[in-house]
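# Coordinate inspection notes
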Amino acid sequence: MTSLLPFRWHIADVLLIVAVGVGHHIVVTSKRERRLAAGALFALLVVTVWPMGDLASSVSLTAATVQRLVIMVLVAPLLLMATPTTVLARLTRPRPIDWVTRVLAHPGVAMFVVTVVGTLTLSTPVVDWGARSTIARGVVLVVVMFVGLVLWIPALGVLPGVKRLSPVARAGYVFASSLVVTSLSFVWIFSRHSLYPALHHQHALLHMTPLFDQQLAGFVAKFCCYAPMWAVAFTIFSRAEEQGASTEETPLHWADVERQLLRVDRQRERALRRHQSQ
């Protein structure tokens, strides 16, 4: 195996993940949030370094699918939940970022971005590009992480000042999102030839043909997406009922009020400048 898939340290990836973990540990004092971050970063480390990261980048579409699903379905939501509201409020306070998060928090916009961008990360040109270039591989992984964060922003409702969905709406959104995340799986399953020429050595390393690897990736995408996301949708709805909260009402938090007041102040400043310029 090591002759066809030589060991690589992936120093840049390891240093970046460790730096994020250390920074989070310094900023965050909650033990629960620290555990969530540690779990997310460990999972990210496993799927980005040797051997999983190398298999995903240049050998197996199944490995690439697992890598992307781990980042989108596990790492991204854990990192969002591991970040305190005060930190999220500071990060999203600048006006351009505040506007972008408000737009992406809309379920329809989020699903559109996840479907289009997520599909592109597993398209033939992008997978081939990532297989030939280390920089391209890093860019693709960053984009996958972005797609994962966008996927979970409406479902978790942790960003201040964005529209928070009711439990019913959140559960429905998660269920619907699980269907669009795996949009390419049917193409992989029913295709009669391999669509990814840059992926190679599947037979020598994994004892499967490129076509079987591609078809297996389609089934893995379905199962590894449906199972966790449907479980999350069921959990969101059942917890709301157990806690006696209304499943139809949208909750409101003080961070949302503060952000709305900030937006009102900005609108007043903009109106005042417009009036003075006339």
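Going by the structure above, here's the rest.
How each quantity is defined
- Residues numbered from 1 in each chain as written.
- Predicted model: local features only at pLDDT ≥ 70, side-chain atom pairs only at ≥ 80, totals over all residues.
- Heavy atoms only, no water.
- Phe/Tyr/Trp six-rings, centres within 6.5 Å; stacked < 30°, edge-to-face > 60°.
- Helix = DSSP H or I, 4+ residues; strand = E, 2+ residues; numbered from the N terminus.
- Buried < 20%, exposed > 50% of the residue type's maximum accessible area, 1.4 Å probe, protein only.
- Salt bridge = Lys/Arg side-chain N within 4 Å of Asp/Glu carboxyl O.
- Polar contact = N/O pair within 3.5 Å; in protein donor to acceptor, adjacent residues only side chain to side chain.
- Contact = heavy atoms within 4.5 Å.
- Axes fitted to C-alpha atoms, helices over the stretch in contact; angles between N-to-C directions.
- Parallel < 35°, antiparallel > 145°, perpendicular 65-115°, else oblique.
- Left-handed = near helix turned anticlockwise from the far one by under 90°.
- Nonpolar A, V, L, I, M, F, W, Y, C, P; charged D, E, K, R; others polar.

One pass over the full model with this rule turns up five aromatic pairs. Relative to tryptophan 50, the ring of phenylalanine 7 lies with its centre 5.2 Å away and its plane at 75°, an arrangement referred to as edge-to-face. Of this pair, phenylalanine 7 sits in the segment before helix H1 (11-27) while tryptophan 50 sits in the loop between helix H2 (31-48) and helix H3 (52-58), and the two are 43 residues apart along the sequence. Among the residues examined, tryptophan 50 registers a relative accessible area of 23% and is labelled partly exposed. Summarising the aromatic geometry, the rings of phenylalanine 175 and tryptophan 230 are spaced 5.2 Å apart at their centres and angled 25° between planes, so their arrangement reads as stacked. Separated by 55 residues along the polypeptide, phenylalanine 175 in helix H10 (residues 167-181) and tryptophan 230 in helix H13 (residues 210-242) bring together distant segments of the chain. Judged by relative accessible area, which is 42%, phenylalanine 175 ranks as partly exposed. Among the aromatic side chains, those forming a connected cluster through ring pairs are Phe7, Trp9 and Trp50.

Take unusual backbone geometry next. The residue after tryptophan 50, namely proline 51, is reached through a cis peptide bond having omega 5°. Following the sequence through the fold, proline 51 ends up in the loop between H2 and H3. A positive phi angle is found at histidine 10, which is not glycine, with a value near 55°. Among the structural elements, histidine 10 can be located in the segment before H1.

Further remarks concern the pattern of salt bridges. Following the criterion strictly, the structure yields six salt bridges and no others. Two residues, arginine 266 and aspartate 98, come together in a salt bridge whose shortest N-O distance is 3.9 Å. With a gap of 168 residues between them, arginine 266 in helix H14 (residues 254-277) and aspartate 98 in helix H6 (residues 95-104) connect regions that are remote in the sequence. Accessibility expressed as a relative area gives 4% for aspartate 98, which makes it buried. Arginine 164 is the partner of aspartate 256 in a salt bridge, and the nearest nitrogen-oxygen pair spans 2.6 Å. Of this pair, aspartate 256 sits in helix H14 while arginine 164 sits in the loop between helix H9 (134-156) and H10; the two residues are 92 residues apart in sequence, bridging distant segments of the chain. Residue class for aspartate 256 comes out buried when judged on its relative accessible area of 4%. Accessibility expressed as a relative area gives 8% for arginine 164, which makes it buried.

Looking at the element boundaries, serine 60 is found in the loop between H3 and helix H4 (61-82). Classification of serine 60 by relative accessible area gives buried; the value is 2%. Here alanine 63 takes part through its backbone nitrogen, which lies 3.1 Å from a polar atom of the side chain of serine 60. Once you skip the residues sitting within four places of it in the chain, serine 60 turns out to touch Leu55, Leu199, Leu206 and Asp213.

Turning our attention to the packing of helix H7 (residues 107-121) against H9. At a minimum axis separation of 9 Å, H7 and H9 run at an interaxial angle of 155°. Considering the angle they form, H7 stands roughly antiparallel to H9. For the element pair H7 and H9, the recorded crossing hand is left-handed. Residues Pro107, Ala110, Val113, Val114, Val117, Gly118 and Thr121 of H7 touch H9, and the partners they reach there are Val140, Val143, Val144, Phe146, Val147, Val150, Leu151 and Pro154. Across the contact of H7 with H9, the residue classes tally to 13 nonpolar, two polar and no charged.

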